[in-house]
Amino acid sequence: MARLSRPALGIAVAALLLPSFRLTAQSSSSSSQSSGTAPQEESRSTAKRPTVEAGGSAVTLETSEPLFYLASALNLCGYDDGLDQSDPVRAKVRADIESAAIATPEAADSRRALCEYVHTHQLSDGGLNLAQYVSLALYLTPPPELAPTADETDLPPDSTQVVNILPLLRTFAEQVHLHAIWIKYRPNYEALVDLVHDPLTRTILNTNIYLKLPASSYDGRRFLVLIEPMLAPAASNARIYGNDYTVVVSPSATPPGNVKMEQVRHTYLHYEVEPLVYSRATAMNRLQPLLRTVQDAPIEFSYKSDIVSLIAECMIKAIEAHTMDAGIPKPEKTTSHERIDQERYTAEMTVYDRQTEAARRNAAELSMRQGWVLTGYFYDRLSEMQHDGSSLKDSIGQMVYGMDIGREAHHDQQIVFLPEASHDVVRRTPRQPTGLDLAEMKLFKGDKDGASEIAEKVLASPTGDHARANYLIARVNLLDQQPDDAVTHFHAALETSRDPRTLAWCHIYLGRLYDMQQTPDRKKAVAEYKLALNLRDDRPDTKAAAEAGIRAPFAPPKREAMPDPDDNDNTPIDPTGKAEKDAYKPPPPQ
């Protein structure tokens, strides 16, 4: 690859895949040029971010002064992880800061206060301990202000545990002239950015070639790689903040500039794959029954409760298995035109292809045993995509709509999970559930009492979503075998709610109760199901439940269901999957 100028990684990728674009990306060379601000908070931050214009590449490689400040503070206060593997600039910065910290009594005092805070807030898990400071750094304005760019309630939850370090950090930075040290070592940072630039470009380019996707032009989303050698090279720090996908990497000393590119690529796959998956989120609701197969898997709860997240991660695992380095030397192509040499090369390639395919399929099967149960399915579909020469964007619809849910569920139920799974290197900025959101989460986990307590408090308040609280309590009543109380709360929700989904499911539940009462009232039940259809909730599970109720009286569940009160799948799975696929088939394009 020809050497490219360093101003922006976007140039490296887009120049090869796009006819034209414009991008300016600047590393933070002064306090007015730092980066790391979350996109949704840009208007409240004075941080200088890459100037990305319409049509420009959304992939950038940068440094961040706020991240340097926090990483340096940790180093000063005992963070020695990976020091012997780090780039030499880390030791040089540490030495300069150490000298400045003992130069004056004021500097020594500010250091003591800073380190006391760090030690007091240290977590037992080293990775989580570092992560909370990285999360905070990505939400800060440039020095000397070093102020959060968002309200504390909007900051990443882990960062709020250490946000009070900022006054101490500002004082310490002023006492030791930390900005001057940053300026002194800017050339070293720039040299590391140059070393990472080309390997990163190749990684992004090869990924786009495999997926047959064009280079990412700026559309409000951004993939950002930050270089920070003051952290351990083995540290894994990847974040998704709104529309920003950020990876923090630390180059190693040997070989110089080497970073964990597989983690960068994993985050980039999230950046490319998730929009394709989430754009079909409604259609993927038909795959909800597959969540039952992962309830005992050693994966995070978010993947056990959200089919779209599970599908995205399984698809990424399948792509990684397809493109992994199997560690098998590829035969060198012969230059000889002799028949015997050509036949030998063909035979060697046949063995190579068979061995690499076996290694990659084993990787996919390992992912399935770790809980990513659909990896094998997507691995096979990606093989078909490669054979057809189509792109992921063109193929993903068929992957979703063409899945035989019954067959996949049966296959996934046979998987014997490992005790522990691999953990995603990507961390999101989760919104901490509160109020009725927390009540819904508690109900999903089976904590009926906790859910009811929250909902009752909402009902007791003069201001609150009484309709949603009544709807939640009604579902708790159903689980507690209290149908009369459930009817009361469903009707109370119908009187005040404006949410089509809540209204529709109130009618569906009432219809089911009419069907199951001691003397069934089929006429009233059908009327309720029709009212649910008339509300035109666009979720396919609503339409399927209402239409099923009209066709036949609702019967009690015949098999164990996952603890989801909205689950309407109460009949045995069709082994062929045809009936289910027909029920959820999307309407033809207009």
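Residues numbered from 1 in each chain as written. Predicted model: local features only at pLDDT ≥ 70, side-chain atom pairs only at ≥ 80, totals over all residues. Heavy atoms only, no water.

### Brief notes about the pattern of salt bridges
Side chains bearing opposite charge may pair, as long as their charged atoms lie close to each other.
Consideration 1: Taken as a whole and judged by the stated rule, the model has 18 salt bridges.
Consideration 2: A single salt-bridge network, built from bridges that share partners, covers E62, R222 and D244. (Salt bridge = Lys/Arg side-chain N within 4 Å of Asp/Glu carboxyl O.)

### Notes on the confidence of the model for the protein chain
Consideration 1: Mean pLDDT over the protein chain: 81, with 80% of residues reaching 70 or higher.
Consideration 2: Across the protein chain, the secondary-structure element scoring lowest on mean pLDDT is strand β1 (residues 23-24), at 27, and the one scoring highest is helix α7 (residues 178-184), at 97.
Consideration 3: Confidence drops under pLDDT 50 across residues 1-56; counting only partners more than four residues distant or on other chains, this segment forms 159 contacts.
Consideration 4: The model gives residues 559-563 a pLDDT under 50, and that stretch makes 15 contacts with residues more than four places away or in other chains. (pLDDT = per-residue confidence, 0-100. Helix = DSSP H or I, 4+ residues; strand = E, 2+ residues; numbered from the N terminus. Contact = heavy atoms within 4.5 Å.)

### With respect to the packing of aromatic side chains
Consideration 1: Considering all chains together, one arrives at 14 aromatic pairs under this definition.
Consideration 2: On the numbers, 5.8 Å between centres and 50 degrees between planes, the contact of F223 with Y271 is tilted. In this pair, F223 sits in strand β4 (residues 222-227) while Y271 sits in helix α9 (residues 261-278), placing the two residues 48 residues apart along the sequence. Each member of the pair, F223 as well as Y271, carries the same accessibility label: buried.
Consideration 3: Ring centres of Y377 and F378 lie 5.2 Å apart, and the angle between their planes is 70 degrees; this geometry places the pair in the edge-to-face category. Pair check on accessibility: Y377 and F378 agree, each one buried. (Phe/Tyr/Trp six-rings, centres within 6.5 Å; stacked < 30°, edge-to-face > 60°. Buried < 20%, exposed > 50% of the residue type's maximum accessible area, 1.4 Å probe, protein only.)

### Points about the pairing of strand β6 (residues 244-249)
Consideration 1: With respect to burial, β6 is a largely interior element, six of its six residues being buried.
Consideration 2: Neither face of β6 is exposed, since D244, T246 and V248 on one face and Y245, V247 and V249 on the opposite face are all buried.
Consideration 3: Strand direction decides the pairing type here: β4 and β6, joined by six bridges, are parallel. When the bridges of β6 are listed, R222 appears paired with D244. (Pairing = 2+ DSSP bridges.)

### Structural notes on the pairing of strand β5 (residues 237-241)
Consideration 1: In terms of burial, β5 is a largely internal element, five of the five residues being buried.
Consideration 2: Here β5 shows two buried faces, one formed by N237, R239 and Y241 and the other by A238 and I240.
Consideration 3: Bridge analysis of β5 against β6 gives five bridges, and the strand direction is antiparallel. Each bridged residue has a counterpart across the sheet, and for I240 the counterpart in β6 is Y245.

### Description of unusual backbone geometry
Consideration 1: Between P143 and the following residue, P144, the backbone shows a cis peptide bond with an omega angle of 5 degrees.
Consideration 2: Inspection of the secondary structure puts P144 in the loop between α5 (126-137) and α6 (166-176).
Consideration 3: Of note, the bond from T254 into P255 is cis; its omega dihedral lies within 30 degrees of zero at -10 degrees.
Consideration 4: Take P255: it is sitting in the loop between β6 and α9.
Consideration 5: Of note, H177 is a non-glycine position whose phi angle comes to about 55 degrees, a positive value.
Consideration 6: On the secondary structure map, H177 appears in the loop between α6 and α7.
Consideration 7: You will see that K212, though not glycine, has its phi angle at about 55 degrees, which is positive.
Consideration 8: Judged by relative accessible area, K212 falls into the partly exposed class, the value being 39%.

### A closer look at the side chain of S110
Consideration 1: Residue placement: S110 occurs in helix α4 (residues 105-120).
Consideration 2: Looking at S110, its side chain comes within polar contact range of the main-chain oxygen of A107, at 2.9 Å.
Consideration 3: Once you skip the residues sitting within four places of it in the chain, S110 turns out to touch T171, F172 and Q175. (Polar contact = N/O pair within 3.5 Å; in protein donor to acceptor, adjacent residues only side chain to side chain.)

### Considerations on the side chain of R90
Consideration 1: One can find R90 in helix α3 (residues 88-101).
Consideration 2: An unpaired buried charge is present at R90: no salt bridge exists, and D80, the closest side chain of opposite charge, is 5.6 Å distant.
Consideration 3: Looking at R90, its side chain comes within polar contact range of the main-chain oxygen of Y79, at 3.2 Å.
Consideration 4: A distance of 2.9 Å separates the side chain of R90 from the side chain of S86, its partner in a polar contact. (Lys, Arg positive; Asp, Glu negative; His and termini not counted.)

### Some remarks on α4
Consideration 1: Between its terminal C-alpha atoms α4 stretches 22 Å, which fits the 22 Å expected from 16 residues at 1.5 Å a residue.
Consideration 2: All of the buried residues along α4 are A107, S110, R111, L114, C115, Y117 and V118. Angularly, the buried residues of α4 cover 155 degrees about the axis, an arc narrow enough to put them on a single face. Within α4, the exposed residues directed more than 90 degrees away from the buried face are P105, R112, E116 and T120. (Expected span 1.5 Å × (residues − 1). Arc of directions from axis to C-beta.)

### Section: the nonpolar core
Consideration 1: With 72 residues, the main nonpolar core has F68, I165 and F223 as its most contacted residues.
Consideration 2: Broken down by element, the residue count for this core peaks at eight residues, all from helix α2 (residues 65-76).
Consideration 3: Aside from chain neighbours lying at most four places away, what touches I165 is L70, L114, Y117, V118, Y133 and L136. (Core = buried A, V, L, I, M, F, W, Y, C linked by side-chain atoms within 4.5 Å.)

### Section: helix α20 (residues 500-516)
Consideration 1: A rise of 1.5 Å per residue sets the reference length of α20, with its 17 residues, at 24 Å; its end C-alpha atoms lie 24 Å apart and thus fit the reference within 8%.
Consideration 2: When you tally the buried positions in α20, you get 15 out of 17 residues, the bulk of the element.

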